[in-house]
Amino acid sequence: MAHIVVLGAGIGGMPAAYELRAALDPSHRITVVNSLDYFQFVPSNPWLAVGWREREAITFPIRPHLEKKNIQFVAQRVDRIDAAANALQLADGSRLDYDYLVITTGPKLAFDEVPGAGPEHHTHSICSVDHAQQAQAAYQQFLQEPGAAVIGAMPGASCFGPAYEFAFIFSKDLQRRKLRHKVPITFVTSEPYIGHLGLGGVGDSKSMLESDFRNNDIKWITNAKVTRVEPGRMFVTEVDDNGAPKKEHELPFKFSMMLPAFKGVDAVAAVEGLCNPRGFVLVDENQRSKKYRNIFAAGVCIAIPPVEATPVPTGAPKTGYMIETMVTAIVQNIADEIAGKAATHKGSWNALCLADMGDTGAAFVALPQIPPRNVNWFRKGKWVHLAKVAYEKYFLYKMKTGSSEPVYEKHVLKLLGIERLAR
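About the cut-offs
- Residues numbered from 1 in each chain as written.
- Predicted model: local features only at pLDDT ≥ 70, side-chain atom pairs only at ≥ 80, totals over all residues.
- Heavy atoms only, no water.
- Pairing = 2+ DSSP bridges.
- Helix = DSSP H or I, 4+ residues; strand = E, 2+ residues; numbered from the N terminus.
- Buried < 20%, exposed > 50% of the residue type's maximum accessible area, 1.4 Å probe, protein only.
- Salt bridge = Lys/Arg side-chain N within 4 Å of Asp/Glu carboxyl O.
- Contact = heavy atoms within 4.5 Å.
- Axes fitted to C-alpha atoms, helices over the stretch in contact; angles between N-to-C directions.
- Expected span 1.5 Å × (residues − 1).
- Disulfide = S-S within 2.5 Å.

Novice: I tried to follow the pairing of strand β7 (residues 87-90) on my own but got confused; where do I start?
Specialist: For a regular strand, side chains alternate in direction, first toward one face of the sheet and then toward the other. Bridge analysis of strand β6 (residues 78-82) against β7 gives four bridges, and the strand direction is antiparallel. Looking across to β7, one finds that V78 is bridged to L90. Connecting β7 to the next strand, strand β8 (residues 95-97), in antiparallel fashion are four residues, including G93 with a positive phi near 95 degrees.

Structure, rendered in structure tokens:
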């Protein structure tokens, strides 16, 4: 009997647990370990931040849903991974042994890399449901006395889609309230151009997103290195294509949401030989650690090299479809190893993203993620907004019912009419 421990219960960890349970004989134990006792659907956080969702609609307690599927749950922080001894040291001092470890922790939010950044200081975030709820409270106060807003992504950021989403959703909500004319919006990003997305652009993403920014009266600064944030004021160095300072900006604001750079979580980053210098897990093409053969990893916590060098550092995003295929590959590989076979399954590492823009949306497909690509596709329309709402509802349904069915492969790609592109 094998014991498989899944570390992290987000959009990678929960599906991993359900797929493992469906793939393995009931005699094998599966345990999910997460520092929080609730699941949060992070892609809905931009809506939560402006009050289009409530916390209760996008969260639920983890334990009862896992236990219905004979999956154990431990709601504790992991302080140390003893990879040599195949054990986790938990916050209460106890140890949890494993035969296989699946790391799906997501990232550590590196607000500390920019002085004054983050919800504990002067900018808001939508990276967690707690942060989005804090942003919503601040937004409600902002509406009483609106003013300038700064939205975007810090140096080293890799997940740009939610920043664009929030900029458009923020603008649309203000329009509905007849307050948009009182709020100048500036989008500040480390990307070398609008629509780069950490991917070197996808199709016509540059021209289409620039056009949408113009149509929504959103100004922008690219190649932007935020150096510090003070109360109501952001300091930004705009650099040229060689990375040399080009212009200094001092941006006043009454509301700001800036996505941070990511790092690996402390317990994972501390394991010798497991991670790169930023704390992201180094994996091979089978999602397996390059040093520890019984450790696999998927999602934002793994190391993927930047698509290209940029004047201000940017990372490569890990989108929902990519994470889904990583998880499925891990489950198949663990099942094969337990059965005495070689682990040969691979995640696609293709990028597919649905981005809401208020009452419309943008979708892109990059196959593979790193150019040159077989598919380089970017489209927008109200249908994307509807597709993202449907994705939210189905994913939450899947997590509550314990379905092991892949959401993107079975539903989202078909809903978009682009399943053929992903093959």
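Novice: Hey, could you run me through unusual backbone geometry in this one?
Specialist: Residues apart from glycine generally show negative phi values, whereas peptide bonds are mostly found in trans. Each neighbour pair has its own omega, and for L367 with P368 the value is -5 degrees, a cis peptide bond. Phi is positive for K178, which is not a glycine, with a value near 60 degrees. Structurally, K178 can be placed in the loop between α6 (161-176) and β12 (185-188). A positive phi angle is found at N223, which is not glycine, with a value near 50 degrees. Along the chain, N223 turns up in the loop between β13 (218-221) and β14 (224-230). When its relative accessible area of 5% is taken as the criterion, N223 is described as buried.

Novice: Where do I start with the pattern of salt bridges in this structure?
Specialist: When the charged atoms of two side chains with opposite charge come close together, those side chains can pair. Under the definition given, this model contains 21 salt bridges. Between D266 and K108 there is a salt bridge whose closest N-O contact spans 3.0 Å. In this pair, D266 is assigned in helix α8 (residues 266-269) and K108 in strand β10 (residues 108-109), connecting sequence segments 158 residues apart. Looking at K108, the relative accessible area reads 32%, which means it is partly exposed. Ionic pairing is found between K246 and E238, a salt bridge with its closest N-O pair at 3.9 Å.

Novice: I keep staring at the side chain of H385 and nothing clicks. Help me out?
Specialist: Relative to the helices and strands, H385 is located in helix α10 (residues 382-401). Among the residues examined, H385 registers a relative accessible area of 15% and is labelled buried. Excluding residues that lie within four positions of it along the chain, H385 makes contacts with D356, G358, D359, T360 and G361.

Novice: Explanation requested: the sheet that holds strand β20 (residues 351-356) in the structure shown.
Specialist: Sheet strands pair by backbone hydrogen bonding; their relative direction is either parallel or antiparallel. Read across the open sheet, the three strands follow the order β20-β21-β22; overall the sheet is antiparallel. With partners counted over all chains shown, the strands left at the sheet margins are β20 and β22 (375-380), one partner each. Mean inter-strand twist for the sheet, computed between neighbouring axes without regard to direction, equals 5 degrees. Relative to strand β21 (residues 361-367), β20 is paired through six bridges, and the arrangement is antiparallel. Residue pairing for β21: L352 is matched across the bridge by V365. Sitting on the sheet, α10 is in contact with β20, β21 and β22, with an inclination near 100 degrees to β20.

Novice: I'm lost on helix α5 (residues 129-144) in this one. Help?
Specialist: An α-helical turn contains 3.6 residues, so any two residues separated by three or four positions project in the same direction. Spanning 16 residues, α5 covers 23 Å between terminal C-alpha atoms, matching the ideal 22 Å at 1.5 Å per step. Every buried residue belonging to α5 is among V129, H131, A132, A135, Q136, A138, Y139, F142 and L143, and all of these are buried.

Novice: How should I be thinking about the sheet that holds β14 in this particular structure?
Specialist: Pairing within the open sheet is antiparallel, and its three strands lie in the order β14-β15-β16. Strands with a single pairing partner mark the edges of an open sheet, and in this sheet they are β14 and β16 (245-252). The average undirected angle you get between the axes of adjacent strands in this sheet is 20 degrees. Bridge count between strand β15 (residues 233-239) and β16: seven bridges; the pairing is antiparallel. Bridge assignment links V239 to a residue of β16, and that residue is P245.

Novice: Looking at this structure, I do not really get the state of the cysteines. What am I missing?
Specialist: What makes a disulfide is a covalent bond joining the sulfur atoms belonging to two cysteines. Taken as a whole and judged by the stated rule, the model has zero disulfides. Take C127: it sits in no disulfide, and the sulfur closest to it among the cysteines is that of C159, at 7.2 Å. No disulfide involves C301; its sulfur sits 8.3 Å from that of C275, the nearest cysteine.

Novice: Whenever I open this one, the environment of I330 confuses me. Can you help?
Specialist: Here I330 shows up in helix α9 (residues 320-338). Taking relative accessible area as the criterion, I330 reaches 2% and is therefore assigned buried. In this structure the C-alpha to C-alpha distance between I330 and P64, which are 266 residues apart in sequence, comes to 25 Å. Filtering out sequence-adjacent residues up to four positions away, I330 remains in contact with V102, Q287, F296, A297 and A298.

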